[in-house]
Amino acid sequence: MSVTEIFENRSAFSFEVFPPKTDAGMQKLCGEGGVLDQLYTLHPDYISCTYGAGGTNVGLNLEVLKKIKKDGKCTPVTHFTCIGNTKDGIREQLQTYLDNGINHMLALRGDLPFGWTGTGGDLHYATELVKFVRQEFGDKFTIAVAGSPEGHIACRSLEADIAFLKQKQDNGADYIMTQLCWDMDQFRYWMDAIRAAGIWMPVDVGIMPVLDMAATINMALSRNGCVMPRELCELISKHWIFPNPFDKEPFDAAAAQKKADFKEAGIEYTIRQIDEYRACGIDGIHLYALNKFEDVARIAKEAGIIDLI
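The structure contained in this document is the topic of the report that follows. (Residues numbered from 1 in each chain as written. Predicted model: local features only at pLDDT ≥ 70, side-chain atom pairs only at ≥ 80, totals over all residues. Heavy atoms only, no water.)

1. What about unusual backbone geometry?
A cis amide bond, omega 5°, links Phe-242 with the succeeding residue Pro-243. Even without being a glycine, His-43 presents a positive backbone phi close to 55°. When you line up the elements, His-43 lands in the loop between helix H3 (35-40) and strand S2 (46-49). One non-glycine residue, Asn-291, adopts positive backbone phi at about 60°. (Helix = DSSP H or I, 4+ residues; strand = E, 2+ residues; numbered from the N terminus.)

In structure tokens, the structure reads:
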């Protein structure tokens, strides 16, 4: 069953993982009894796998997805970026995915790696990638596209961003995976705005669990420019590690306890946010697993996304 068929019948539940850079990391994720096997016990509808900027780590991305496909527990979905790639390269890589039974993708522009000296490639935007995939492969792929409730950081306005999202739909996209968004008022405004703009695609909400202070700040500001609501800022301030949470050797004697307390508060914050998202009438929850199991399993269970059996 395709992801879009799931949306027609009920809300979807899924995870995102990333391809590890080491053999030990791959074994932990893909080995027997590893994270993937554990995630299957929560019965996700699909698991998506990222890869690095400019298409780095594509080989390991494919290995992870092949494992998911072979296990047959859920649908594998690949992230796929076009920046820095040629049309021939895109065509060849996508055919490789199809040859391995992987026919779901998240179509992205992507970012070039730091220090990149190559060209920008033949396609420069996700709108072009969606159109190209449909022209070259017809309906062989189910295509998800990114949605930015606060507007993409590189876009000139939220209205322009919504117009580009509509163009992705017109070019053949099937559903939306949102970027992380903690500002629920903004999310509700965006939902109303995209529907008013004629965007009917199902909305699958990307959830970044609040588990680590430095990672939370980094994800909000390094690339996404996300608003951090007062409640989240208060959690960070209350558990602040001196001199700062990015210092690998903080002089704060209570650092370990503060990290543990922040993680507990962050899990509760994430669960409450999922409650708010579900009340908005969204079509799915896409939980970033961060290649771990225990924390996301707890979140999924306590948020009521899966049965407490």
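2. Notes on the packing of aromatic side chains
The geometry of two aromatic rings is summed up by the distance between their centres and the angle between their planes. Across all of its chains, the model carries eight aromatic pairs by this definition. Measuring from ring centre to ring centre gives 5.2 Å for Phe-7 and Tyr-175, while their planes differ by 65°; the resulting arrangement is edge-to-face. Pair noted here: Phe-7 is in helix H1 (residues 3-9) and Tyr-175 is in strand S6 (residues 175-178), with a separation of 168 residues, a long-range link. Tyr-175 shares its class with Phe-7; the two are buried. Both rings, one in Phe-187 and one in Trp-190, keep their centres 5.8 Å apart while their planes meet at 40°; by these two values the pair is tilted. Of this pair, Phe-187 and Trp-190 both sit in helix H8 (residues 184-196), separated by three residues, roughly a single helical turn. Put simply, the rings of Phe-7, Tyr-46 and Tyr-175 touch in pairs and so form one group of aromatic residues. (Phe/Tyr/Trp six-rings, centres within 6.5 Å; stacked < 30°, edge-to-face > 60°. Buried < 20%, exposed > 50% of the residue type's maximum accessible area, 1.4 Å probe, protein only.)

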